[in-house]
Amino acid sequence: MSRRLLMMCMSLLSLGGLVHCSKSPPEGAQPAPATAPAAVAAPKVTALTVIQEQQASWVRNFNPLLAPGNARWPTRAGIYEPLMIYNTLKGEFVPWLAVKHEWSADNKKLTLSVRPGVKWSDGQPFTARDVAFTFELLKKHKALDFSAVWAFLDGVQVKDDATVEFSLVRPYVPGLVYILHQPIVPEHKWKDVADPVTFTNETPVATGPFTEVKVFQNQIFELGRNPHYWQPGKPAVQSLRFPAYPGNDQANMALLTGELDWAGSFVPDIERVYVAKDKENNHYWFPLVGNTTTLYVNTAKKPFDDVRVRKAISMAIDRDQIVKVAMYGYTRPADATALSDAHKNWHNPKALESGDWTKLDVAKANALLDEAGYKRGEDGVRMTPDKQPMRYEINVVTGWSDWVRASQLIGQHLKQLGIDATLKTYDFSPYFERLQKGEFDMSMGWTSEEPTPYHFYRGLMGSETLRPIGEIAAHNWNRFASKEADELLRAFEGTNDAAEQKKLAGQMQELFVQNAPAIPLFPGPSWGEYNTRRFTNFPSASNPYAKLTPNSSPENLFLMVEVKPK
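Notes on the structure follow. (Residues numbered from 1 in each chain as written. Predicted model: local features only at pLDDT ≥ 70, side-chain atom pairs only at ≥ 80, totals over all residues. Heavy atoms only, no water.)

### Topic: the overall build of the chain
- From N to C terminus, the chain includes 16 helices and 22 strands.
- For the chain, with 566 residues in total, the buried portion stands at 62%.
- Put simply, the chain shows about 20700 Å² of open surface, and 49% of that area lies on carbon and sulfur atoms.
- Each charge sign in the chain was given a centre, from 62 positive and 62 negative side chains, and these centres are 2 Å apart. (Helix = DSSP H or I, 4+ residues; strand = E, 2+ residues; numbered from the N terminus. Buried < 20%, exposed > 50% of the residue type's maximum accessible area, 1.4 Å probe, protein only. Areas by Shrake-Rupley, 256 points an atom, 1.4 Å probe, with all protein chains shown as cover. Lys, Arg positive; Asp, Glu negative; His and termini not counted. Charge placed at Lys NZ, Arg CZ, Asp CG, Glu CD.)

Structure below.
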């Protein structure tokens, strides 16, 4: 299963809800491929063969209300569609099952107009009642509300068959994405489901482009086209085909041997090991619109509560070397705002200019620690004011080769400061538990990946996301909160004015640069590979209509309806 799914889970949890997300990693940290090819049957020409999740065998589950990773991909998008889709590359919501949204003057009511003429795959009409019914299901079964929409919703009312109105308990404009991205289920099928939480929905009835389960076996399944799809002539692909691969090694090897048409994997030295094998057909595109790979320091513990220590650590890190050695040059060093290219239109030049602590400057870093009173001992290791040697662990997941290598380099870099930092690897579950509970000194990690910097900085500086050490936190693993950040976040929640939002986001950047609550390393590439022997019209740098990666849901729906047989 792709690591990207985990990041998506955590993004969906940014309002504070907690669910059981599968053990899948974020983009930006992936094991290297193995050296032996996997044995799978040759794909049919009419089926687009995709790898998005790795499983030893498939379990038939197409319940779109479960957290990502619990139902088969692409249940949440390719089978069950959202109301609108945020296109990261274009920075806009694209109408889908809803054609328009409108806020009230006080931003406490949101009115959606649903698309006319849409039918479910059994031929029944899709209406606003299906939208209201879906959100009422989430209210009734809190385990399904993993975006925690009912933390800010007060009610959902059908005005007529084409209009639905959401009432909010307080202005919360950033909640728009959680409403618009919710997959919608048909009332006429789900009203009789006894327990939607355990329902496996083996024969889906949905509005998406691929709703027909043509084959479902332990080692392979295939989804055919929706006979009533609302976009005329789409999808052009007859079916999606999913062989089961038990892990990233086997999946990556299937990609390298040309068995896969579409994938979203980290592949070391991809020009040599993938493109060079078939330059005409093997392609990739890794735009830097993923989450930001970050070194979290635990600000609830000494000495990381000292901003001078955090900035000194950051200035000792040679990001150019990390990008070159650990990331094969796929990305670039992060700047001090920590924002990736997904938020490039939000960048504040003033914040960028003042953020010098992500630039390598070992002399200045040592001077900062000297000034702060961290003196070197006889063995060269600095001592804290309470006479403790500055010896720490950097937590990372076993087998995440790029992050492991980056952590090793950071350990070497910090020795120049007199900080003895050693790598500590864990299997994913114990690693993630320590990260969520704040039971670490330093840890590799990732940030949220949502439309605006509001979500990004809320997860790094907002007191609403802060939890005591030992208590699981959906975000804010660095354990940092700021009253100034809270004021900016609350102001952002209450405005629908783009200029005001940008002004507030710029102030959040300045606050982040001033406090260095986390140490950004590099913007995460959005991994995507494709083969054009059988299909064309994949997104690319020259045709950037959407992200290429299958790992971003629901944005991957753009590709599913645009790719064509050759």
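### Thoughts on the nonpolar core
- Counting 166 residues, the largest nonpolar core has Leu83, Phe135, Leu153, Phe166, Leu295, Ile313 and Met442 as the members making the most contacts within it.
- The element contributing the most residues to this core is helix H2 (residues 128–140), with seven residues.
- Those residues within four positions of Leu295 in sequence are excluded, and the remaining contacts are Ile313, Ile317, Ile394, Ile410, Met442, Ser443, Met444, Ala518, Ile519 and Leu521. (Core = buried A, V, L, I, M, F, W, Y, C linked by side-chain atoms within 4.5 Å. Contact = heavy atoms within 4.5 Å.)

### What to know about the sheet that holds strand S13 (residues 292–297)
- Strand order in the open sheet formed by five strands is S17-S16-S18-S13-S19, with mixed pairing between adjacent strands. The sheet terminates laterally at strand S17 (420–426) and strand S19 (519–523), the two strands that pair on one side only. Between one strand axis and the next, the sheet turns by 20° as a mean value, whatever way the strands run.
- As defined by bridge partners, strand S16 (residues 391–397) adjoins S17 across seven bridges and the pair is classed as parallel. Counted as the bridge partner of Val396 is Thr425 from S17. (Pairing = 2+ DSSP bridges. Axes fitted to C-alpha atoms, helices over the stretch in contact; angles between N-to-C directions.)

### Some points on the side chain of Glu449
- Looking at the secondary structure, you find Glu449 in the loop between strand S18 (442–445) and helix H13 (453–461).
- Residue Glu449 is classed as buried on the basis of its relative accessible area, which comes to 14%.
- A polar contact is formed between the side chain of Glu449 and the side chain of Lys547, at a distance of 2.8 Å. (Polar contact = N/O pair within 3.5 Å; in protein donor to acceptor, adjacent residues only side chain to side chain.)

### Describing the pattern of salt bridges
- In the structure shown here, the tally under the stated rule is 27 salt bridges.
- Notably, a salt bridge pairs Lys191 with Asp192, separated by 3.3 Å at the nearest N-O pair.
- What makes Asp192 exposed here is its relative accessible area of 59%.
- Salt-bridge contacts for Lys234 lead to Glu562; the nearest nitrogen and oxygen are separated by 2.7 Å. Linking Lys234 in the loop between strand S9 (220–225) and strand S10 (239–243) with Glu562 in helix H16 (residues 556–562), this pair joins segments that are 328 residues apart in sequence. (Salt bridge = Lys/Arg side-chain N within 4 Å of Asp/Glu carboxyl O.)

### Structural notes on the pairing of S19
- The element S19 is largely enclosed, with a buried count of five among its five residues.
- Where S13 meets S19, four bridges bridge the pair, whose relative direction is antiparallel. The partner of Thr292 across the bridge, within S19, is Pro523.

### Things to note about unusual backbone geometry
- In this chain, Lys234 is followed by Pro235 through a cis amide linkage whose omega measures -5°.
- Within the secondary structure layout, Pro235 lies in the loop between S9 and S10.
- The omega torsion of the bond from Ser553 to Pro554 falls at 10°, within 30 degrees of zero and hence cis.
- Locating Pro554 in the fold gives a position in the loop between strand S21 (535–536) and H16.
- Its identity as a non-glycine residue notwithstanding, Asn476 has a phi of 55°, on the positive side.
- Mapped onto the elements of the fold, Asn476 is located in the loop between H13 and helix H14 (483–493).
- Although it is not a glycine, Asn537 sits at a positive phi angle of roughly 70°.
- Mapping Asn537 onto the fold places it in the loop between S21 and H16.

In short, geometric facts, not functional conclusions.
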